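Here's the letter readout for the chains.
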Amino acid sequence: MKALILSGGMGTRLRPFTYSMPKQLVPVANKPILVHCLENVRAIGVEDVAVVVGDRADEVRAVVGDGSAFGLDVTYLQQEAPLGLAHCVSIAEDFLGDEDFVMYLGDNILAEGIAESARAFREERPAARLLLTKVADPRAYGVAEVDDTGRVRALVEKPQQPRSDLAVIGVYFFTAAVHDAVRAIEPSARGELEITDAIQYLVERGDRVLADEYAGYWKDTGSPDDLLDCNRVLLDRLPHGVHGEVDAASTVEGTVVVEAGAVVERSHLVGPLIVGAGSVVRGSELGPYTALGRDCVLEDAGIRDSIVLDGVSIQGVRGLSGSLIGRSAAVRTGEAAGRRLIIGDHTQAEVAA
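In short, a report on the structure.

## What to know about the overall build of the protein chain
Turning to step 1, where the next piece is worked out: Assigned secondary structure in the protein chain consists of nine helices and 32 strands.
Turning to step 2, where the next piece is worked out: At 22 Å, the protein chain has a C-alpha radius of gyration in line with the 20 Å of a compact globule built from 353 residues.
Turning to step 3, where the next piece is worked out: For the protein chain, contacts bridging at least 24 residues in sequence account for 49% of all contacts bridging at least 6.
Turning to step 4, where the next piece is worked out: When the accessible surface of the protein chain is totalled, it reaches about 14,800 Å², and 46% of it is carbon and sulfur.
Turning to step 5, where the next piece is worked out: When the 34 basic and 53 acidic side-chain charges of the protein chain are each reduced to a single mean position, those positions are 2 Å apart.

## Section: the pattern of salt bridges
Turning to step 1, where the next piece is worked out: Tallied over the entire structure, the rule returns 32 salt bridges.
Turning to step 2, where the next piece is worked out: Between glutamate 124 and arginine 208 there is a salt bridge, with the nearest N and O atoms lying 4.0 Å from each other. Of this pair, glutamate 124 sits in helix H6 (residues 115-124) while arginine 208 sits in the loop between helix H8 (195-205) and strand E12 (209-213), and the two are 84 residues apart along the sequence.
Turning to step 3, where the next piece is worked out: Taking relative accessible area as the criterion, glutamate 124 reaches 35% and is therefore assigned partly exposed.
Turning to step 4, where the next piece is worked out: Arginine 208 sits in the partly exposed class, given a relative accessible area of 33%.

## Examining the sheet that holds strand E25 (residues 302-304)
Turning to step 1, where the next piece is worked out: Reading across the sheet, the five strands line up as E16-E19-E22-E25-E28 and stay open at both edges, with parallel pairing between neighbours. Edge strands, defined here as strands with exactly one partner in the open sheet, are strand E16 (251-253) and strand E28 (320-321).
Turning to step 2, where the next piece is worked out: In the sheet, E25 pairs with E28 via two bridges, with the strands oriented parallel. When the bridges of E28 are listed, arginine 304 appears paired with serine 321.

## A few points about the pairing of strand E6 (residues 101-105)
Turning to step 1, where the next piece is worked out: Burial runs high along E6: five of the five residues are buried.
Turning to step 2, where the next piece is worked out: Bridge analysis of strand E1 (residues 2-7) against E6 gives five bridges, and the strand direction is parallel. What sits directly across from leucine 6, in E6, is leucine 105.
Turning to step 3, where the next piece is worked out: Two strands pair when backbone bridges link them, and E6 and strand E11 (residues 166-174) are joined in this way by four bridges, in the antiparallel orientation. Counted as the bridge partner of tyrosine 104 is valine 171 from E11.

## Notes on the layout of surface pockets
Turning to step 1, where the next piece is worked out: Looking at the second largest pocket, its volume works out to about 440 Å³.
Turning to step 2, where the next piece is worked out: Contributing to the lining of the second largest pocket are 16 residues, with Leu25, Pro27, Asn30, Pro32 and Asp310 lying nearest its centre.
Turning to step 3, where the next piece is worked out: Elements represented by at least two residues in the lining of the second largest pocket include exactly strand E3 (31-32) and helix H3 (57-64).

## Some words on H8
Turning to step 1, where the next piece is worked out: Where H8 is concerned, the buried positions are Ile195, Thr196, Ala198, Ile199, Gln200, Leu202 and Val203.
Turning to step 2, where the next piece is worked out: Count one or two residues on from H8 and you reach glycine 206, which has phi positive near 95 degrees.

## Details of the pairing of E1
Walk down a regular strand and you will see the side chains alternate between the two sheet faces.
Turning to step 1, where the next piece is worked out: Counting buried residues in E1 gives six out of six residues, a clear majority hidden from the surface.
Turning to step 2, where the next piece is worked out: The alternating pattern of E1 places Lys2, Leu4 and Leu6 on one face and Ala3, Ile5 and Ser7 on the opposite face, and all of these are buried.
Turning to step 3, where the next piece is worked out: Taken together, the five bridges between E1 and strand E4 (residues 48-53) define a ladder with parallel strand orientation. Among the inter-strand pairings, serine 7 is bridged to a residue of E4, identified as valine 53.

## Topic: the packing of helix H7 (residues 177-184) against H8
Turning to step 1, where the next piece is worked out: Look at H7 against H8: their axes get within 8 Å of each other, and the N-to-C directions meet at 110 degrees. In terms of orientation, H7 and H8 fall into the roughly perpendicular class. Together, Ala177, Val178, Asp180, Ala181, Val182 and Ala184 of H7 and Ala198, Tyr201, Leu202 and Arg205 of H8 make up the contact between the two elements.
Turning to step 2, where the next piece is worked out: Of the residues contributing to the contact of H7 with H8, the split by class is eight nonpolar, no polar and two charged.

## So, the packing of aromatic side chains
Turning to step 1, where the next piece is worked out: Using the criterion set out here, one finds four aromatic pairs in the structure.
Turning to step 2, where the next piece is worked out: Each ring, one from tyrosine 172 and one from phenylalanine 174, has its centre 6.0 Å from the other, and the planes form 10 degrees; the classification is stacked. Just as tyrosine 172 is buried, phenylalanine 174 falls in that class too.
Turning to step 3, where the next piece is worked out: Through a chain of ring-to-ring contacts, the aromatic side chains of Phe101, Tyr172 and Phe174 assemble into a single cluster.
Turning to step 4, where the next piece is worked out: Positioned above the aromatic ring of phenylalanine 95, the side-chain terminus of lysine 2 is 4.5 Å from the ring centre.
Turning to step 5, where the next piece is worked out: In this structure, arginine 61 is placed above the aromatic ring of tyrosine 76, and the distance from its NZ or CZ to the ring centre is 4.7 Å.

## Concerning the nonpolar core
Turning to step 1, where the next piece is worked out: Leu4, Met103, Leu130, Phe174 and Ile195 are the most contacted members of the largest nonpolar core, which totals 38 residues.
Turning to step 2, where the next piece is worked out: No other element matches H8, which puts five residues into this core.
Turning to step 3, where the next piece is worked out: Formed by 30 residues, the second largest nonpolar core is a distinct cluster that contains Leu25, Cys37, Val102 and Val171.

Basis of the calculations
In this numbering scheme, every chain counts its residues from 1 along its sequence in written order. Where totals are concerned, whole chains, interfaces and linings use all residues; where local detail is concerned, this predicted model gives features only for residues with pLDDT of at least 70, and gives and counts side-chain atom pairs only at 80 or more. Only heavy atoms go into the side-chain values, all of them from the structure, while hydrogens and water stay out. Going along the chain from the N terminus, every DSSP run of H or I of four or more residues is numbered as a helix, and every run of E of two or more is numbered as a strand. When we talk radius of gyration, it's over C-alpha atoms, and the globule rule is simply 2.2 Å times the number of residues to the 0.38. Contacts are assigned to residue pairs that have any heavy atoms within 4.5 Å of one another. Areas reported here follow the Shrake-Rupley algorithm with a probe of radius 1.4 Å; residue values treat only the protein chains shown as occluding. When charges are counted, Lys and Arg contribute as positive and Asp and Glu as negative, whereas His and the chain ends are disregarded. Where a charge sits is defined by one atom per residue type, namely NZ (Lys), CZ (Arg), CG (Asp) or CD (Glu). Salt-bridge detection follows one rule: a side-chain nitrogen of Lys or Arg within 4 Å of a carboxyl oxygen of Asp or Glu. Burial classes: relative accessible area under 20% of the type maximum marks a residue as buried, over 50% as exposed, and values in between as partly exposed (1.4 Å probe, protein chains only). Strand pairing is defined by DSSP finding a minimum of two bridges between the two strands. Space inside and on the surface of the protein is sampled on a 1 Å grid over the protein atoms alone, with a cavity defined as a set of points where a 1.4 Å probe fits but cannot get out and a pocket as an open set with protein on both sides within 12 Å along at least 5 of 7 lines; lining residues have an atom within 4 Å of a point. Grid points are joined across faces, edges and corners, and a volume is the space filled by probe spheres set on the points. Every axis in this analysis is a line fitted to C-alpha atoms, fitted for helices over the stretch in contact. Angles between the N-to-C directions lie between 0 and 180 degrees. By the definition adopted for this analysis, an angle is roughly parallel if under 35 degrees, roughly antiparallel if over 145, roughly perpendicular if from 65 to 115, and oblique otherwise. Note that Gly is not counted as nonpolar here; it falls among the polar residues with everything else outside the nonpolar set of Ala, Val, Leu, Ile, Met, Phe, Trp, Tyr, Cys and Pro and the charged set of Asp, Glu, Lys and Arg. The pairing test for Phe, Tyr and Trp rings, Trp by its six-membered ring, is centres within 6.5 Å, and the orientation test on the planes gives stacked under 30 degrees, edge-to-face over 60, and tilted for anything in between. A ring is scored as having a charge over it whenever the NZ atom of a lysine or the CZ atom of an arginine sits within 6 Å of its centre and within 35 degrees of its normal. Residues belong to a common nonpolar core when they are buried Ala, Val, Leu, Ile, Met, Phe, Trp, Tyr or Cys residues joined through side-chain atoms within 4.5 Å.

Next comes the structure, spelled out in C-alpha cells:
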C-alpha cells in the first residue's frame, strides 16, 4: 500500500497564521499537523508516500524533507491550483500505479490513528473504504448513506437536504479502481474534480464501497478553536518527561514535558503541557493545555490553554487563555486591553498590565 497526503490549500480560516505558513504546518502539541498525519501513515506499515503541494511547497519540503526522519520515502507532486481532491488522485496516478493506497488530508487530526480501518480495508479490499463520523450539520460535508452491512449506497457533496448525518472525514482507502472513476467524472459547479463524485461513480457502477464510523477523536483543523481543541486532546496523550532544567523553586503538577535544553526557574507548571527545547520560563505560571514552542522566553507571565509558536517572547503579561501566538511575536505590558490573542508571525502586541 502507498499513501497520498494532500498538503495544498489556502487555510483562509486560519489567517493570519496561514499568510506565513501552510495550514498543515501549524503545530498542535508542538508538532506540525502534517507530521501527525505522516506518523499515522507510517504506523500502518506504509513507507512510500506522495505529498501533494501547492504554492507553499518549499516550506513543506523544509519540514518533511525526503521523509527519512519519519521512516518514509517521500515524493512531492505539484498541484498548480486547488482543483479538487480527485484531481490530486489524477496527478498521482503514475506514482500510485496499480497499488492500493490511502489518501489522507494533511490538515486532519485522527488522534487514535487509522490502524483499524487499514486492517479492515486490507482484509476485504473493497474498491473504496471511507471513514465517517456523525456531525450536527452535514450540509458542510460530503455525506454518505450507508446500509446495515456498511455498504455505501449514495454519497453527496454538501447537500442542502442531507439524508444522513454521517460525514466523510479526511482519510480514504482505495484500490486502483478509483482511477477509472476519476477519469470518468467532470468538474463540479465550483470547478473542482470532487472525490465524492468519483466514489459515487464507483457506487453506481456496482463496485463495493464500504464505510465505518471512526471511533476515535477526529478534527478538521480549519479554525483557531479547532486547533486549540486538538491541542488539548493531544497534550492529554503525552507521557510525562522532564528532560530540561527545572529549579528547586519551581513546582510541577500533572503531565508535563520539558524538552532538553529548556530552562524553568521560579515558575508553576500545571499539565498537561509541553515546553519546547531552548525555551526559558522565569517567574511564570504555565498551563494546563499549553504548548510552548522552541526558543521562547516567558518572564513574569501567565498563559493557559494556548498554542505558542517558536521564538515568542511574553513579558509581564498574565491571564492569557485560548490564545494562538505566531512565530517570533513579542507580547508585553502596555495600554491596550484584552486577554485573548490570535496574532501572526513577527507581531508586536501590547496588553493591559
